[in-house]
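Summary of the model geometry
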Amino acid sequence: MKQITKAADLELAVKEAKNQNLEIGLVPTMGALHEGHLSLIERALKENDLVVVSLFVNPIQFNNKEDLEKYPRTIDADLELIKNLELRIKNSCSDKLLAFTPTVDEMYPQGEPKEVYHFGPVEEVMEGPRRPGHFSGVAVVVRRLFDLAQPKRAYFGEKDYQQIAVIRALLEQIKYPIELIPCPIVRADDGLALSSRNMRLSPEARAIAPTINATLEQAAEMAQYEDVDDVKEWVLDTLSTFHEVHDVKNGLKFEPEYFEIVDARTLQPIENWEAAGDLGAVGCIAVWLDGVRLIDIVKF
Ligand code: PAF
């Protein structure tokens, strides 16, 4: 693995790769890497000649200053994890992987970018209204990364399901011929979706957090014989009453922010299972637990 901090150096490396007709894969991350990210990198390494992994906490996608400040920054450990992955998968060709770790000034040399993206209905639901400006900020940084890395393929985790729909809409808008590769969620043994935010959970909160996935899995079973509205109501009730039913101490409570059952392509809520289109239906949830906001999905 080679670490690159300057945009110009990345451009140079990409130019050299393009001259040799190498195919480039891009894995955009905000660092604080875990096995979920590593699975994206591993897949990108299998499918491309050169892989650019970006590690950049993008300030313009945070609509909450405290969230930005608290976002874990673990760059040394991240680079170690990438090196260990290379060893683990015996990727002897160490120049196949570029870790791009720019500063904010390097990414945005003109200061905070003025461009704003709109994506219509896919961003008007769930995360969109709750995190104003978030998806536009994601689009700005992802487009910049696309411009620098010029990938053939770009890899994103399905935990941020709405983000994938937004990137799909971005690619349609800017007409870049990049293949968007959604990758399955990686879970801990107890089912909790891996997330950089999990490291902010107290041990007590971490112990009950797998309930989110367990509830969603049960919802998938229920979906075979219950209506959409009943499944929705059951998930929200199960989580918000969990602390009472299970007599959870320490004042810990799940506070579901939303649970929506939507068409997996358009992300618009569906009223019955038959209304889902070619990609089927997906349930998307955001839950507060102990001051940490966790998201997860279930496919129906
Ligand atoms: O999913 C993330 O970690 C970020 O939103 C991304 C895509 C790296 C853009 O900053």
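The structure this text deals with has already been given above.
Residues numbered from 1 in each chain as written. Predicted model: local features only at pLDDT ≥ 70, side-chain atom pairs only at ≥ 80, totals over all residues. Heavy atoms only, no water.

**So, the overall build of the protein**
Quick note on the threshold: Think of it this way: any DSSP run of H or I at least four residues long counts as a helix, any run of E at least two long counts as a strand, and we number them from the N terminus. In this scheme, a residue with accessible area under 20% of its type's maximum is buried, one over 50% is exposed, and one in between is partly exposed, where area comes from a 1.4 Å probe on protein chains only. By definition, residues are in contact when any of their heavy atoms lie within 4.5 Å. With residues, only the protein chains shown are counted as cover, and all accessible areas are computed by Shrake-Rupley using a 1.4 Å probe.
On a plain count of helices and strands, the protein comes out with 12 helices and nine strands. Residues counted as buried form 52% of the 300 residues belonging to the protein. Residue pairs at least 24 apart in sequence account for 73% of intrachain contacts in the protein once pairs closer than 6 positions are excluded. Of the roughly 14,600 Å² of accessible surface on the protein, a fraction of 49% belongs to carbon and sulfur atoms.

**Some points on the site of the ligand**
Defined as follows: Whether a residue is near a molecule or strand depends on its heavy atoms: it is near if one of them lies within 4 Å of it. We define a polar contact as two N or O atoms separated by no more than 3.5 Å, with the added condition that, inside protein, one atom must be a possible hydrogen donor and the other a possible acceptor, whereas residues neighbouring each other in sequence contribute only through side-chain atom pairs. The nonpolar class holds Ala, Val, Leu, Ile, Met, Phe, Trp, Tyr, Cys and Pro. Asp, Glu, Lys and Arg form the charged class, and all remaining residues, Gly among them, are polar.
Surrounding the ligand, one finds P28, T29, M30, N58, Q61, V138, V141, F156 and Q163. Here Q61 contributes a side-chain N or O atom positioned 2.6 Å from an oxygen atom of the ligand. Between the ligand and the protein, one listed contact pairs an oxygen atom with a side-chain N or O atom of Q163 at 2.7 Å. Calculation on the ligand without its partners gives an accessible area of 290 Å², and the protein chains cover 89% of this total. Considered class by class, the residues forming the shell around the ligand number five nonpolar, four polar and no charged.

**A word on the sheet that holds strand β8 (residues 281-289)**
Just so we agree on the cut-off: Any two strands between which DSSP finds at least two bridges are classified as paired. Convention adopted: a line fitted to C-alpha atoms gives each axis, helices being fitted over their contacting stretch, and angles between N-to-C directions are expressed from 0 to 180 degrees.
An order of β7-β8-β9 is seen for the three strands of this open sheet, with the pairing classed as antiparallel. Here the strands that pair on one side only, and so sit at the sheet edges, are β7 (254-263) and β9 (292-299). Strand-to-strand twist across the sheet, computed as the mean angle between neighbouring axes with direction ignored, equals 15°. Pairing analysis gives eight bridges linking β8 to β9, with the strands arranged antiparallel. What sits directly across from L289, in β9, is V292. Along the sheet face, helix α11 (residues 228-240) touches β7 and β8 and points at about 160° away from the line of β7.

**Examining the nonpolar core**
Rule in force here: We call a set of buried residues a nonpolar core when its members are Ala, Val, Leu, Ile, Met, Phe, Trp, Tyr or Cys and they connect through side-chain atoms within 4.5 Å of each other.
With 52 residues, the main nonpolar core has F100 and F146 as its most contacted residues. For this core, the leading source of residues is helix α7 (residues 134-149), giving 10 residues. With near-sequence residues (within four places) excluded, F146 lies in contact with L26, P151, A154, I167, L170, L171, I174, Y176 and I178. Within the second largest apolar cluster, 27 residues are counted, among which are M222, V228, F242 and I261.

**Things to note about the environment of L236**
Here L236 shows up in helix α11. For L236, a relative accessible area of 27% translates into the label partly exposed. In sequence terms L236 and E255 are 19 residues apart; their C-alpha atoms lie 8.8 Å from each other. In contact with L236, other than residues within four places in its own chain, are P256, Y258 and F259.

**Concerning α7**
What counts here: One fewer than the residue count of a helix, multiplied by 1.5 Å, yields its expected span.
Between the first and last C-alpha of α7 there are 22 Å, a value that for 16 residues agrees with the 22 Å anticipated at 1.5 Å per step. Of all 16 residues in α7, 13 are buried; the element is thus mostly enclosed.

**A short note on the sheet that holds strand β2 (residues 24-29)**
Taking strand neighbours across the sheet as the criterion, the six strands line up as β1-β4-β3-β2-β5-β6 in an open arrangement whose pairing is parallel. Strands with a single pairing partner mark the edges of an open sheet, and in this sheet they are β1 (2-4) and β6 (179-183). Between one strand and the next, the sheet's axes are offset by a mean angle of 25°, whatever the strand orientation. Of the strand pairs in this sheet, β2 and strand β3 (residues 50-55) are connected by six bridges, and their pairing is parallel. In the sheet register, V27 faces β3, and the bridge partner there is V53. Contacts between α7 and the sheet are confined to β2, β3, β4 (97-100) and β5 (153-157), with β2 contributing the most and set at about 150° to the helix. In the packing of helix α8 (residues 161-174) onto the sheet, contacts are made with β5 and β6, and the angle to β6 comes to roughly 175°.

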